[in-house]
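# Structure assessment
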Amino acid sequence: QVQLVESGGGLVQAGGSLRLSCAASRNNFRFRVMGWYRQAPGKQRELVAHITSGGITDYVDSVKGRFTISRDNAKNTVYLQMNSLKQEDTAVYYCNAYGWGSDVYWGQGTQVTVSS
C-alpha cells in the first residue's frame, strides 16, 4: 500500500506564497500522474493542477500564472508553488496520484487559509 503525505499548508496573507509538498511512502513506486485538488467549504472538490510522469502540466484557469506544479521522480514527490495567493484560494488541498493501472491514491489533506 502506498500513502501520500502532504505538508506545507498554513495561514498566509493575500498576495503571499506557500509551497505544498506531497511525498509517497514508497520510493520504488512510480505514478503515471500526480496532482493537487482542493475543496473549499460548501463547494465541490476541484482539480487545481496535475503533472504527468513526462512532465506535462495542466492547471485550472483560476490559478494559471500564479501556481506552479513540479515533481521529483527520484524522491517520488510532487510540489505546488502557490504565489499571489487570493482569499478564494482558501481550501483544503489534497494530493492525488494515479498508478499505471486503475489505482488512485489520495493524501489526507492540508489546510490553506488566505487572509485579507
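This text goes with the structure placed above it.
Just so we're clear, the structure is a prediction, and the values are computed from it rather than from any experiment. (Residues numbered from 1 in each chain as written. Predicted model: local features only at pLDDT ≥ 70, side-chain atom pairs only at ≥ 80, totals over all residues. Heavy atoms only, no water.)

### Thoughts on the packing of aromatic side chains
Going through the model one piece at a time under the given rule, you end up with four aromatic pairs. When the ring of Tyr-37 is compared with that of Trp-106, the centres are 5.0 Å apart and the planes differ by 65°; the resulting orientation is edge-to-face. With Tyr-37 in strand β4 (residues 33-39) and Trp-106 in strand β10 (residues 104-106), this pair connects stretches of sequence that are 69 residues apart. For Tyr-37, a relative accessible area of 17% gives the class buried. Since its relative accessible area comes to 37%, Trp-106 is described here as partly exposed. Clustering of aromatic rings is evident, with ring pairs tying together Phe-29, Phe-31 and Tyr-105. (Phe/Tyr/Trp six-rings, centres within 6.5 Å; stacked < 30°, edge-to-face > 60°. Helix = DSSP H or I, 4+ residues; strand = E, 2+ residues; numbered from the N terminus. Buried < 20%, exposed > 50% of the residue type's maximum accessible area, 1.4 Å probe, protein only.)

### Regarding the pattern of salt bridges
Counted according to the given criterion, the structure contains four salt bridges. The salt bridge partner of Asp-89 is Arg-38, with a shortest N-O separation of 3.0 Å. Of this pair, Asp-89 sits in the loop between β8 (77-82) and β9 (91-98) while Arg-38 sits in strand β4, and the two are 51 residues apart along the sequence. Accessibility expressed as a relative area gives 1% for Asp-89, which makes it buried. Note on Arg-38: relative accessible area 6%, which makes it buried. Where Asp-89 meets Arg-66, a salt bridge forms, and the shortest distance between an N and an O atom there is 2.8 Å. Residue Asp-89 is located in the loop between β8 and β9, and its partner Arg-66 is located in the loop between β6 (57-59) and β7 (67-72); the two are separated by 23 residues in the primary sequence. This pair shows no difference in class: Asp-89 is buried, exactly as Arg-66 is. Each of the salt bridges in this network shares a partner with another, and the network as a whole consists of Arg-38, Glu-46, Arg-66 and Asp-89. (Salt bridge = Lys/Arg side-chain N within 4 Å of Asp/Glu carboxyl O.)

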